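Listed here are the chains, written in short residue letters.
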Amino acid sequence: MKNIIEKINRLKKERNAVILAHYYQDPQIQDIADFLGDSLALARKARDSKADIILFCGVHFMAETAKILNPEKIVIVPDMEAGCSLADSCPADKFKEWIENHPNHTVVSYINCSAETKALSDIICTSSNAEKIINSIPKDRKILFAPDKYLGSFLKKKTGRELELWDGTCQVHIEFSEIELQKLSAKQPEALILAHPECPPNILDYADYVGSTSGIINFAKQSTGKEFIIATEPGVIYEMKKQIQGKQFYPVPNLDGCSCNVCPFMRLNTPEKIALALENLSPRIELDEELRLKALKPLEKMLELS
Ligand code: 13P
Ligand code: SF4
């Protein structure tokens, strides 16, 4: 492992590369990263980066977003197969049909979607800014929201707006077990429940706080509470333990009763693949320029607003 880390650090310097990583990455990768963040922070960091190469340790839509914002930079990933069930649920051709069947709607897409789907949208949001984005749309406008129906239904409750929802879900967040959550909460009665809005309503109904990964970290940091039950991918707990001393964090088990709600796509990335990607400058995210410009518009709108 020591040799791999040395190799990564050497290649990073030689290539003037920066490693951006999401909180759901394996702890080994979180330790290697130059910057860790949620989807919004990572998009901002990618936009502002001075490096020549961005190595993105997350999933495909995140690296693609970095490329949309940085056409002149080389954006590489450790594993091109690292996708996302939400992005996969919303193919652009079906999405286009849906939009055509709902004329006169503002189209809001969660950042967990492909460049093609972004290009068909009016504005993008992340879990950090979704409420703000919905509230920025004039009250008389009807709204289509894709692809996460659970984030969408949470936003309907929060904003009081009528949203038409695409039928997509995150395959990780739908696995949390309500029964296991109840058992854990009975065992740790003082623990506050912090959940990601990709969870279904039967989990969110128990939550003391609902927010993005960085929202969850910040809530636990600022709270006077000492114990927290975490209903999101447990990778985030690694960073919580680093940033917050003297507090306890418990992951919510999934339906099998284990604490293994790791995102199988996020966890495809390994230090060995990072070293290889830096050596070969591949696999690389490439985008057709016309598509990039179309996808850039709704992303820029989001960045202006948040
Ligand atoms: P955040 O933007 O909250 O980090 O979420 C990203 C994600 O993919 C959650 O599953
Ligand atoms: Fe996609 Fe869910 Fe994995 Fe996030 S946790 S990248 S939404 S599959």
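In the block above lies the structure referred to throughout.
Residues numbered from 1 in each chain as written. Chains lettered and ligands numbered in written order. Predicted model: local features only at pLDDT ≥ 70, side-chain atom pairs only at ≥ 80, totals over all residues. Heavy atoms only, no water.

The next point concerns the packing of aromatic side chains. For the structure on display, the rule yields five aromatic pairs. When the ring of Y209 is compared with that of F219, the centres are 4.7 Å apart and the planes differ by 20°; the resulting orientation is stacked. Of this pair, Y209 sits in strand 10 (residues 209–210) while F219 sits in helix 12 (residues 213–222), and the two are 10 residues apart along the sequence. Y209 gets classed as partly exposed once you look at its relative accessible area, which sits at 23%. Relative accessible area serves as the criterion here: at 25%, F219 is assigned to the partly exposed category. Ring geometry for F228 versus F249: centroids 5.8 Å apart, planes at 20°, classification stacked. (Phe/Tyr/Trp six-rings, centres within 6.5 Å; stacked < 30°, edge-to-face > 60°. Helix = DSSP H or I, 4+ residues; strand = E, 2+ residues; numbered from the N terminus. Buried < 20%, exposed > 50% of the residue type's maximum accessible area, 1.4 Å probe, protein only.)

Relative to the helices and strands, R292 is located in helix 15 (residues 289–305). Setting aside residues up to four positions removed in sequence, R292 forms contacts with K67, I68, P71 and L287. (Contact = heavy atoms within 4.5 Å.)

Note that S49 resides in the loop between helix 3 (39–48) and strand 3 (53–57). Take S49: its relative accessible area is 14%, and that puts it in the buried class. Apart from the residues within four sequence positions on either side, S49 is in contact with V18, I54 and K73.

In this section: helix 9 (residues 149–159). Considered for burial, the residues of helix 9 that qualify are Y150, L151, G152, F154, L155 and T159. Residues of helix 9 that are buried in the fold lie against strand 5 (105–110), helix 8 (130–135), strand 7 (142–146), strand 8 (163–165), helix 11 (201–204) and strand 10. The N-terminus of helix 9 is capped by D148, whose side-chain oxygen sits 3.0 Å from the backbone nitrogen of Y150. After helix 9 finishes, the residue G160 shows a positive phi value of roughly 70°. (Polar contact = N/O pair within 3.5 Å; in protein donor to acceptor, adjacent residues only side chain to side chain.)

Moving on, we come to the site of ligand 1. What surrounds ligand 1 is the set H22, Y24, D38, S39, N112, S127, H173, H196, E198, S212 and T213. Taking H22, its side chain carries an N or O atom lying 2.6 Å from an oxygen atom of ligand 1. In the environment of ligand 1, an oxygen atom lies 2.7 Å from a nitrogen or oxygen atom belonging to the side chain of E198. Here ligand 1 loses 96% of its free accessible area of 300 Å² to cover by the protein chains. Residue classes in the shell around ligand 1 are distributed as one nonpolar, eight polar and two charged. (Near = heavy atom within 4 Å. Areas by Shrake-Rupley, 256 points an atom, 1.4 Å probe, with all protein chains shown as cover. Nonpolar A, V, L, I, M, F, W, Y, C, P; charged D, E, K, R; others polar.)

One open sheet holds the four strands; their spatial order is 6-5-7-8, and the pairing between them is parallel. This sheet does not close on itself; its edge strands, each paired only once, are strand 6 (123–125) and strand 8. Ignoring which end each strand starts from, the neighbouring axes of this sheet average 30° apart. Pairing of strand 7 with strand 8 involves three bridges; the strand directions are parallel. (Pairing = 2+ DSSP bridges. Axes fitted to C-alpha atoms, helices over the stretch in contact; angles between N-to-C directions.)

Glancing now at the packing of helix 12 against helix 13 (residues 235–243). In the contact formed by helix 12 and helix 13, the axes pass within 10 Å of each other and the chain directions differ by 30°. With respect to helix 13, the element helix 12 is oriented roughly parallel. Regarding helix 12 and helix 13, the two cross each other, and that crossing is right-handed. Each of T213, I216, I217, A220 and K221 in helix 12 lies in contact with helix 13, whose residues at this interface are V236, E239, M240 and Q243. (Parallel < 35°, antiparallel > 145°, perpendicular 65-115°, else oblique. Left-handed = near helix turned anticlockwise from the far one by under 90°.)

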